[in-house]
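Read off the chains here:
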Amino acid sequence: MPAPIGNDIEKAAALLIQGKLVAIPTETVYGLAANGLDNLAVSCIFEAKNRPAFDPLILHVESIEQAKNLVKHWSEMADRLAKAFWPGPLTLVLPKASHVPNLVTSGQSTVAIRMPNNAQTLALLRLLPFPLAAPSANPFGYVSPTKAQHVLDQLGNRIHYIVDGGDCNIGIESTILAVNNNDVSVLRLGGLALSEIEAVIGFRAKEILTTHSNPMAPGQLDHHYSPKCLLIPMELEISAANNVNEGLRPMGFMWYSRQSYHQVAKKFEDHRYIGAKHYFLSENANDKEAASRLFDLLRQFDKDGLSLVYFEWATEFGLGRAINDRLNRASAKKNQT
Ligand code: TXA
Ligand code: MG
């Protein structure tokens, strides 16, 4: 039986206390939540998502006090960042307290923590005597969910309840920072732009980002976020335009902005593209609007039965960097690791 979708926070809390799985809305993406201090409940997350155990989970909290209880040492820098950005799309990786299960942290000595900015999820957390471990609520490797329906479509039969928070307004996962005393490194680009972080800490954070599996942020494989359809950057289409025969494959184009489409619209009078669908991440190259629409559009390609989509990169500015990171992974060949 598929999980019911609703707003019954007390029912969600009761299920979580029993060790069951509940999908929760956040401002970034929907999470697949369980009791973060219960090994058995956490193991059900890995099973439901088909997620490898080397990919650690984020613990979600409702207050800074609760976060402090999960770490060995709460530094001044962690405090400054949490006070500036929580609740919000920022995850802090800090030295873990001994009672945090190794399954949550994949055996690392650090734990990832964030306070999500969603009223229902914060209310739910306040009803619980434990933090919620929650990865994005999608099968491992697929696109993250930004609507309750996305969760129902893919994990509905594996979980017990879905809290409906409507559309996620940021739409891209949290930015992840490792904080070691005063040292700050960026492990994942996400819904909080680095310029905002740098304005608070007063220096440029070191970026430890690779397109390959990253030992510092182990789950970040370079073929994450992939829809079934093939995604190819538009500049590759342009260079291959004369020798690739697209045939009659159902195909599409995803534009960063409607403007850029209009600038090159003439090119699409080419007979090979007749019938191609055009999608727009934003009207006016707005990074926030584009981020909030990205994952829903990637899913739409599969729903529309497309086998190939050429996409335009975002402008490398603000959330555009995180959007390009996701596009890079979504378009990476699936046989790479
Ligand atoms: O916005 C988000 O962060 C969403 C919502 C649901 O909160 N969650 C999310 O979780 O994106 P997930 O599991 O899809 O990604 C968590 C990533 C891991 O893949 C890993 O890269 C990093 O967080 N991570 C977790 N614990 C870590 C640790 N101890 N050290 C380094 N990286 C860690
Ligand atoms: Mg994920």
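So, a few notes on the structure that sits alongside this text. What you see is a predicted model; the values in this text were computed from it and never measured.

Time to look at the overall build of the protein chain. Of the regular secondary structure elements, the protein chain holds twelve helices and 15 strands. Within the protein chain, the fraction of its 337 residues that count as buried is 57%. Summarising the internal contacts of the protein chain: among those between residues at least 6 apart in sequence, 70% fall at separations of at least 24. Per element, the accessible surface of the protein chain, about 14300 Å² overall, is 52% carbon and sulfur.

Attention shifts here to the sheet that holds strand S9 (residues 175-180). Taken together, eleven strands build an open sheet; the order of strands is S1-S8-S2-S3-S7-S4-S6-S5-S9-S10-S11 and the sheet is mixed. Where the open sheet ends on each side, the last strands, each with one partner, are strand S1 (5-6) and strand S11 (206-207). As defined by bridge partners, S9 adjoins strand S10 (residues 183-188) across five bridges and the pair is classed as antiparallel. Each residue of the ladder has a partner; that of Ala178, found in S10, is Ser185. The strands touched by helix H2 (residues 39-49) are strand S3 (31-35) and strand S7 (132-133); relative to S3, the strand with the most contacts, the crossing angle is about 155°. Sheet contacts for helix H4 (residues 76-85): strand S5 (90-95), S9 and S10; angle to S5, the most-contacted strand, approximately 160°.

Moving on, we come to the pairing of S10. With respect to burial, S10 is a largely interior element, five of its six residues being buried. Hairpin geometry of S9 and S10 is characterised by an intervening segment of two residues between the two adjacent antiparallel strands and by a positive phi of about 50° at Asn181. In the sheet, S10 pairs with S11 via two bridges, with the strands oriented parallel. Counterpart to Val186 in the pairing with S11 is Glu207. Traced from S10 through helix H8 (residues 194-201) to S11, the parallel crossover comes out right-handed.

This next bit is on the environment of Ala119. Within the secondary structure, Ala119 sits in helix H6 (residues 119-126). Separated by 32 residues in the primary sequence, Ala119 and Pro87 place their C-alpha atoms 9.9 Å from one another.

Turning to helix H12 (residues 320-330), a few remarks are in order. Counting buried positions along H12 gives nine out of eleven residues, so the element sits mostly inside the fold. On its buried side, H12 packs onto S10, strand S12 (230-233), strand S13 (251-257), strand S14 (277-282), helix H11 (287-303) and strand S15 (308-311).

So, on to the packing of H11 against H12. Taken N-terminus to C-terminus, the directions of H11 and H12 make an angle of 20°; their axes are 9 Å apart at the nearest point. In terms of their interaxial angle, H11 and H12 are classed as roughly parallel. As H11 packs across H12, the resulting crossing turns out to be left-handed. Residues Asp287, Ala290, Ala291, Leu294, Phe295 and Leu298 of H11 lie in contact with H12, whose contacting residues are Gly320, Ile323, Arg326, Leu327 and Ala330. Grouping the constituent residues of the contact of H11 with H12 by class yields eight nonpolar, one polar and two charged.

Rules and cut-offs
Residues numbered from 1 in each chain as written. Chains lettered and ligands numbered in written order. Predicted model: local features only at pLDDT ≥ 70, side-chain atom pairs only at ≥ 80, totals over all residues. Heavy atoms only, no water. Helix = DSSP H or I, 4+ residues; strand = E, 2+ residues; numbered from the N terminus. Buried < 20%, exposed > 50% of the residue type's maximum accessible area, 1.4 Å probe, protein only. Contact = heavy atoms within 4.5 Å. Areas by Shrake-Rupley, 256 points an atom, 1.4 Å probe, with all protein chains shown as cover. Pairing = 2+ DSSP bridges. Axes fitted to C-alpha atoms, helices over the stretch in contact; angles between N-to-C directions. Right-handed = clockwise from strand over helix to strand, strands pointing away. Parallel < 35°, antiparallel > 145°, perpendicular 65-115°, else oblique. Left-handed = near helix turned anticlockwise from the far one by under 90°. Nonpolar A, V, L, I, M, F, W, Y, C, P; charged D, E, K, R; others polar.

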